[in-house]
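Results of the structural survey
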Amino acid sequence: MPEQEQELKRDLGLASVVAISMGAMIGSGIFILPGLAMAEAGPAVILAFVLAAVLVLPAAVSIAELGTAMPEAGGDYIFIERGMGPGAGTVAGLGTWLMLMFKGALALVGGMAYVVAVRPLPTYEFGLPFAAPYVGSAITLPGMEMLAVTVGVILIAINIFGVKQTGGIQTVMVIIMLFILAAFVAFSLPNIETEGYEGFFDEGTVGLLGATAMVLISYGGVTKVAAVSEEIEDPGRNLPLGLLLSLGITTVLYALIVAVLVGVVEPDLLAGSETPMVDAVEPFFGFAGVVLIVLAAMLALISTANAGILTASRYPFALSRDDLLPEFFGSVNDRLHTPVVAILITGGAMLVIILTLPVEEIAKTAGAFQIVVYVLVNIALVAFRVRDPVWYEPDFRSPAYPWVQIFGVVGGVGILTQMDTLPLIGGVGIVVLGFAWYLVYGRKQVEREGILREAVATGIEKEQKDRPYRVVVPVARPEEERGLLQMAASSASRHVDAEIVAVNVLTVPYQTSLSQEVAFEEERLERQRELLEKAREITEELGVGLRTHAVVAHDVSDAVLDIVNDEQADEIVMGWHGRRKLRENVLGSNIDPIVEKAPCEIRLVKQRNDEIGDAAVFVGGGPHAPVAVEHAAYSVRAEEGATLTLVNVQERDDDDETEDDELVERGQRLIEESAEEAGLEPDEYEAEVMVADDAEETLLATADRFDTVYVGATRLSVVERTVFGTLPEKIGENASGTVVIVRGEGGAPRSIRQSIINRLRQETSQGQV
């Protein structure tokens, strides 16, 4: 078998792209920097935020194009390394990594300043007897910094332990935060006084550019989503649209909020304030308004810090993958499956920055690192366009090329010259140190130059014109693999041109880049390869064609559904352990979404026997009984000595005077109709009709008489199962033999109303199950 390539599951839609980008932007930019930037530019700080967005736009457009051409972990580092070579790539990777550290630190310390505005915090003193000769016998730590460090440690732990909900928390934070900020603008507009805008340009061009340099970091998050571009669904549309939407929405929001701040807060109070939003709210809305704004600030700034830690792991991984950093920087923990080393180093550096630098210097230094990277991104895009390698085929191309990129380079260099000494040293220093590290370490490890390596991620094979009948089989457990493939082969054998598509999904936490797992989880990947190799051997024995998909994804059901849709599958055969879930999932968290959403037929198999043997189909009034009969017939025909019995149970009703003989005739009629619809001849099956006071109890007892039981999935949706019960699943749970639950084409009803309509239709049918 040829070596199996891992397919990286794309599961981030447009809303996720916008949420990730805005979650990384809306934070320090609006809650911390307006007051500090006001001290530089006066009321023209409003224009500073707009000008900063204009300077970021060329890099955003360039990254949108490059991201659709090279969807790899590492984002802008990858683009610069591939376009300009490993030397510039080292500068970009280290610069972005440092920028994320500084921005995360700014968010944490700024957020805690808002807490202090509501509740003063004590000062903490820590004894250091062993360090007395060097730093004194104790150190004093302000309460604000202590709280920032504490929250930072919690976020580091969340990312290390791979809490899946961090992606969902990020989206919720963004929604709540936007609602509060929009309410702030709406309710504050009547309080604006025009005197606040007097002397708009008193600080001149120098002040405006200085403020622009400071607030530039406010838009740093707009391009950070490119670090997970390998996971974006339809990147040709969602990446550029998501970047531009998030940048546009955030720019308008920033401009409105800063305009309100300038108009409602006294200039002397606003200039230099680290809590400008509190200063604006307190006089008009009192303590309740302050609490609400503090809540928004905490959500925004913690979201920004979390996004920084989450994204940062991509950069040391990408650098180590390209041999520009030692291997341990990109390692993934064997037990937790998260990049523990990268998270610890990034988080630890953030905590050191919090404890050693003032807020203003943190913001400006982060902006300097960001400008260097943006300049290199624009140059990299020009390099790709000029050299035009064969494999460079972006789904989106930058408009107004190359003028947009030239403006980005000139504007970036120009604004860098307006920065203070420390940020300027940081911006220039990262270029010098990055190239020095490459000359000392990286050049010995690599021999490539720019634009030599193709993207790693591979897509699913494209559909051919003459499509065979396809049966998708998710395989995960070696002990059930043969039985599932045999059932799939029985369906495939009905068609002249048919094939089985075996799928195995290797899941990773949301904190971990998909390609990180591909590169470092050799043990799990080897098990995946062995499983799919065994599938090939089994199908060769069965005489049916096979293709395989080895997928790396965050969610099993989403990955399987994507393959089902891309392959235009006719049928799914998948295993089930026969244990019902009593909480939010009925069949299981991986199975439920597939059963409800897959557009093709599905067979869920709880396998207990290697052979079909004596098979029964429980035939009732459900819509999927004929499909169950059909599949059972195929399997029985494929096995010598197997038998088929169609079973119907009619339940007595105390309010109905129908005689048992009539009930038997009704059941017999139902069996004949189902058999005819499934294409069975009378001599291919036995019919058995039973009359009972409790149909469910009788069916559960009858199931134990057969080696294999087929039953139609009469109720599809979680809503119906919760309201009306789950007889097919109960049979699967309790039967001693193999149980196959069959669901025909089409998905589940999506609402309670549709579920009740379906239920009423079933009640008018004759028979049970």
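Note that this is a predicted model, so its numbers are computed, not measured.

Thoughts on the overall build of the protein chain
A tally of helices and strands in the protein chain yields 29 helices and 13 strands. Considering the protein chain as a whole, with its 769 residues, one finds that 58% of them fall into the buried category. Long-range pairs, those at least 24 residues apart, make up 83% of the contacts in the protein chain with a sequence separation of at least 6. Entry remark: accessible area of the protein chain is about 31400 Å², with carbon and sulfur atoms responsible for 56%.

Topic: helix α25 (residues 660-678)
Look at α25: 27 Å from first C-alpha to last across 19 residues, which is about the 27 Å you get at 1.5 Å a residue. Restricting attention to buried positions, one finds in α25 the residues Leu663, Gly667, Leu670, Ile671, Ser674, Ala675 and Ala678. Down the axis of α25, the buried set is contained in an arc of 130°. They therefore lie on one face. Residues of α25 that are exposed and point over 90 degrees away from its buried face: Asp661, Glu665, Glu676 and Glu677. On its buried side, α25 packs onto α24 (625-637), β10 (643-651) and β11 (686-692).

Considerations on a nonpolar patch on the surface
A cluster of nonpolar residues, Val50, Val54 and Phe407, forms a patch on the protein surface that exposes about 220 Å² of accessible area. As for its placement among the helices and strands, Val54 is situated in helix α4 (residues 45-69).

Section: the nonpolar core
One finds Phe31, Phe184, Tyr219, Ile257 and Met277 to be the most contacted residues of the largest nonpolar core, which totals 137 residues. A total of 17 residues in this core trace back to one element, the largest contributor, which is helix α6 (residues 86-118). In this view, Ile257 contacts Ile30, Leu181, Phe184, Val185 and Met277; residues no more than four positions away in its chain are not counted. Counting 46 residues, the second-largest nonpolar core is a separate cluster that includes Tyr469, Val544, Ala628 and Leu680.

A look at the packing of aromatic side chains
Tallying each qualifying case throughout the model produces three aromatic pairs. Measuring from centroid to centroid gives 5.4 Å for Phe49 and Tyr254, while their planes differ by 65°, and the two rings are edge-to-face. In this pair, Phe49 is assigned in helix α4 and Tyr254 in helix α11 (residues 235-264), connecting sequence segments 205 residues apart. The class of Phe49 is buried, set by a relative accessible area of 0%. Ring-pair connections join several aromatic residues into one group, and the members of that group are Phe49, Tyr219 and Tyr254. Over the ring of Tyr401 we find Arg385, and its NZ or CZ is 4.4 Å from the ring centre.

What to know about the confidence of the model for the protein chain
For the protein chain, per-residue confidence averages 75 on the pLDDT scale, and residues scoring 70 or more make up 78% of the total. Across the protein chain, the element-wise mean pLDDT spans from 38 in helix α27 (residues 718-724) up to 89 in helix α17 (residues 403-416). Scored below 50 in pLDDT, residues 130-135 makes three contacts in the model with residues more than four places away or belonging to other chains. Across residues 748-769 the pLDDT falls below 50, and counting only partners more than four positions away or on other chains, this stretch makes 48 contacts in the model.

Quick notes on the side chain of Asp570
In this fold, Asp570 is placed in the loop between α22 (556-567) and β7 (571-575). For Asp570, the side chain forms a polar contact with the main-chain nitrogen of Arg470, separated by 2.9 Å. Excluding residues within four positions of it along the chain, Asp570 makes contact with Arg467, Pro468, Tyr469, Arg470, Cys600 and Glu601.

About the criteria used
For every chain, the first residue of its written sequence is number 1, and the numbers climb from 1 along that sequence. With the structure being a predicted model, the display of local features is reserved for residues of pLDDT at least 70 and the display and counting of side-chain atom pairs for 80 or more, all residues being used for whole-chain, interface and lining totals. To obtain the side-chain values, all non-hydrogen atoms of the structure were used and water was disregarded. Starting at the N terminus, helices and strands are each numbered in turn, a helix being any DSSP run of H or I of at least four residues and a strand any DSSP run of E of at least two. Each residue is assigned to one of three classes by its accessible area relative to the maximum for its type, calculated with a 1.4 Å probe on protein chains only: buried under 20%, partly exposed between the two thresholds, exposed over 50%. Whether two residues are in contact is decided by their heavy atoms, any of which lying within 4.5 Å being enough. Here the open area of atoms and residues is found with the Shrake-Rupley method and a 1.4 Å probe, where only the protein chains shown may cover a residue. One less than the number of residues in a helix, times 1.5 Å, gives the span that helix is expected to have. Comment: arc refers to directions from the helix axis out to C-beta atoms. Patch criteria: residues need more than 30% relative accessible area and no salt bridge. Like-charged residues are merged within 9 Å; nonpolar side chains of Val, Leu, Ile, Met, Phe, Trp and Tyr are merged within 5 Å. Salt bridges are counted wherever a side-chain nitrogen of Lys or Arg sits within 4 Å of a carboxyl oxygen of Asp or Glu. In these notes, a set of buried Ala, Val, Leu, Ile, Met, Phe, Trp, Tyr and Cys residues joined through side-chain atoms within 4.5 Å is what counts as a nonpolar core. Only centres within 6.5 Å qualify two rings of Phe, Tyr or Trp (six-membered ring in Trp) as a pair; their planes then separate them into stacked at under 30 degrees, edge-to-face at over 60, and tilted for everything else. Throughout this description, the term charge over a ring refers to an Arg CZ or Lys NZ atom that lies within 6 Å of the ring centre and within 35 degrees of the ring normal. Each residue carries a pLDDT value, the predictor's own confidence for that position, ranging from 0 to 100. For this analysis, a polar contact is any N or O atom pair within 3.5 Å, provided that within protein one partner can donate a hydrogen and the other can accept it, and provided that sequence-adjacent residues contribute only side-chain to side-chain pairs.

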